[in-house]
Amino acid sequence: MILKEGRVLDPASATDEVMDVQITEGKIERTGPGLCDHFPDEESFDCSGLWVFPGLVDIHTHLREPGYEYKETILTGTRAAAAGGITSVACMANTLPVNDTAAVTRFIREKAEKEGIVEVFPVGAATQGLKGEQLAEIGFMKEAGIVALSDDGFPIRDAEILRLTLEYASRFNLPVIDHCEDLDLSRGGVANECATGTRLGMKGIPCVSESVVVARDILLSQWLGVHVHIAHVSCRSSVNLIRWAKEQGIPVTCEVTPHHLSLTVEDLDASGYDPRFKVNPPLREAEDREALILALKEGVIDCIATDHAPHDAQSKMVEFQIAANGISGLETALPLALQVGNKAGLSPSLILSKMTVEPARVLGIERGRLSPGKVANLVVFDPHETWTVDSKRFFSKGKNTPFEGWTLNGRIKMTLVKGEMVFLDENNPWGIPPFCL
Ligand SMILES: [Zn+2]
């Protein structure tokens, strides 16, 4: 098939031009102008006025299966990903059982092979049961197909255990993704530590509870010469530390979420402490949000990751203090990120690089690029269509979004995984009945 005359954006090759993309047997065959004239027998899709770019790579997704199928499954989570233009997801290990053995890794991979409609790359737990005490079966999990290690949901508290994890991980060429939180400083906290929360009698989670662990991780990374990836950076003090680390040549990378780029504690306040705004790390202040956006621009932040955390209604529709943390983010990530970029004067290519080639590089997977010979994971996107977020229409089981009712710009029209159409929007320009596999 040929995607005809779309604006092709491939950050990896600094491509931004109108041309055709030909796909054969799951791979990108060639790109260039006028391919339809050379290959008149190929099925073609007119993409004029639309963008064509590599399928997004989400380095931080919670698919919830096995164990929490009432929140999400590999099927529903990967359908949500496809609808959001995300063709590769790295799924976190905090399932039940925890993905800390090769058997669980194999289960996830086999299930994803059978039922998943985008590519699933499992992340193995760093420690058994995410307890931070003993290392998990790192070597066996690597053989079974994990692409990274993380105890996400929890920090690795014990610095010696983190050191061992980093040393082992580097031997297996696996990045370690650390959820940075000092649990003593954040204990009992439910939202960012600030005046409003205090007034309402809520215990705060100060920025320093994140940054103090970011600092520790950077120093360990420097000492060992081993890569550390910092999950969901939320505040200015962390960004400043990571900027310093990168200036020193320390092998640190990091990610930020669309919600930390889009919202602040003021939004939480205005919502009347709506549990849909409850997330860990918490929404911070305007100066933090500004620092995150600047860090994207400067390259201090490498990736935009959804931290997709779907929950059942019961876990969220309770008092703020006891509500579960997290946002169902796969289906809103791209338009939110582009919107932030647009307002801050960041180019679509820069935003896309943080959601394609950069996360693929951190994970060490051959994805997130659009050039001949690469896997045909592609997205066709209408940058002009506006739509209103309606969680009832999410493919994800998780309806927990603080963006309900928001008007967003830009809509996924078609998603291809290995050359196969897995998602087609209801309002597509080709007159084909919509579907999501
Ligand atoms: Zn986390």
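Above this note sits the structure.
The shown structure was predicted, so the numbers you read here are calculated from the model rather than taken from an experiment.

Participant: Can you explain unusual backbone geometry? Please cite residues and give values.
Facilitator: Peptide bonds are, in most cases, trans, and in most cases residues other than glycine have a negative phi. Of note, the bond from Glu65 into Pro66 is cis; its omega dihedral lies within 30 degrees of zero at 5°. Locating Pro66 in the fold gives a position in the loop between β6 (56-61) and α2 (74-83). A cis amide bond, omega 0°, links Leu96 with the succeeding residue Pro97. With respect to the secondary-structure elements, Pro97 resides in the loop between β7 (86-91) and α3 (102-115). Although it is not a glycine, Glu5 sits at a positive phi angle of roughly 55°. Relative to the helices and strands, Glu5 is located in strand β1 (residues 2-10).

Participant: So, helix α12 (residues 286-298): which residues are in play, and what are the values?
Facilitator: When the terminal C-alpha atoms of α12 are compared, their 18 Å separation across 13 residues agrees well with the 18 Å that a helix rising 1.5 Å per residue should span. Those residues of α12 not exposed but buried are Asp288, Ala291, Leu292, Ile293, Ala295 and Leu296. Structurally, α12 contributes buried residues whose contacts are with α9 (236-247), β14 (252-256), α10 (258-262), β15 (303-304), α14 (333-344) and α15 (348-353).

Participant: Tell me about the pairing of strand β17 (residues 407-417), residues and numbers included.
Facilitator: In terms of residue burial, β17 counts as a mostly covered element, since eight of its 11 residues are buried. Relative to β17, strand β16 (residues 378-388) is paired through eight bridges, and the arrangement is antiparallel. Bridge pairing in β17 links Thr388 to Thr407. As defined by bridge partners, β17 adjoins strand β18 (residues 420-424) across four bridges and the pair is classed as antiparallel. Paired with Val417 across the bridge in β18 is Glu420.

Participant: Can you tell me about the state of the cysteines, naming the residues and giving the values?
Facilitator: Enumeration according to the criterion identifies zero disulfides in this entry. Here Cys207 stays free of any disulfide, with the sulfur of Cys235 as its closest cysteine sulfur at 3.8 Å. With no disulfide of its own, Cys254 lies closest to Cys303 among cysteine sulfurs, the gap being 7.6 Å.

Participant: Which residues make up the coordination of the zinc ion, and what values do they have?
Facilitator: The zinc ion binds to the protein through Asp152 (OD), His179 (ND1) and His232 (NE2); the donor distances cover 2.0 to 2.3 Å. Read in sequence order, the donor residues for the zinc ion give the motif D-x26-H-x52-H. Linking His179 in the loop between β10 (176-178) and α6 (183-186) with His232 in the loop between β13 (228-230) and α9, this pair joins segments that are 53 residues apart in sequence. Overall, the relative accessible area of 3% leaves His179 in the buried class.

Participant: How would you summarise the packing of helix α8 (residues 208-224) against α9 if you had to cite specific residues and measurements?
Facilitator: Packing of α8 against α9 leaves a shortest axis separation of 8 Å and a crossing angle of 15°. Judged by the inter-axis angle, α8 sits roughly parallel to α9. As α8 runs across α9, the sense of the crossing is right-handed. Across the interface between the two elements, Glu210, Ser211, Val214, Ala215, Ile218 and Gln222 from α8 touch Ser237, Ser238, Leu241, Ile242, Trp244 and Ala245 from α9. Residues that form the contact of α8 with α9 fall into these classes: seven nonpolar, four polar and one charged.

Reading guide: rules and limits
- Residues numbered from 1 in each chain as written.
- Predicted model: local features only at pLDDT ≥ 70, side-chain atom pairs only at ≥ 80, totals over all residues.
- Heavy atoms only, no water.
- Helix = DSSP H or I, 4+ residues; strand = E, 2+ residues; numbered from the N terminus.
- Expected span 1.5 Å × (residues − 1).
- Buried < 20%, exposed > 50% of the residue type's maximum accessible area, 1.4 Å probe, protein only.
- Contact = heavy atoms within 4.5 Å.
- Pairing = 2+ DSSP bridges.
- Disulfide = S-S within 2.5 Å.
- Donors = N, O, S within 2.8 Å, 3.2 Å for Na, K, Ca; no water.
- Axes fitted to C-alpha atoms, helices over the stretch in contact; angles between N-to-C directions.
- Parallel < 35°, antiparallel > 145°, perpendicular 65-115°, else oblique.
- Left-handed = near helix turned anticlockwise from the far one by under 90°.
- Nonpolar A, V, L, I, M, F, W, Y, C, P; charged D, E, K, R; others polar.

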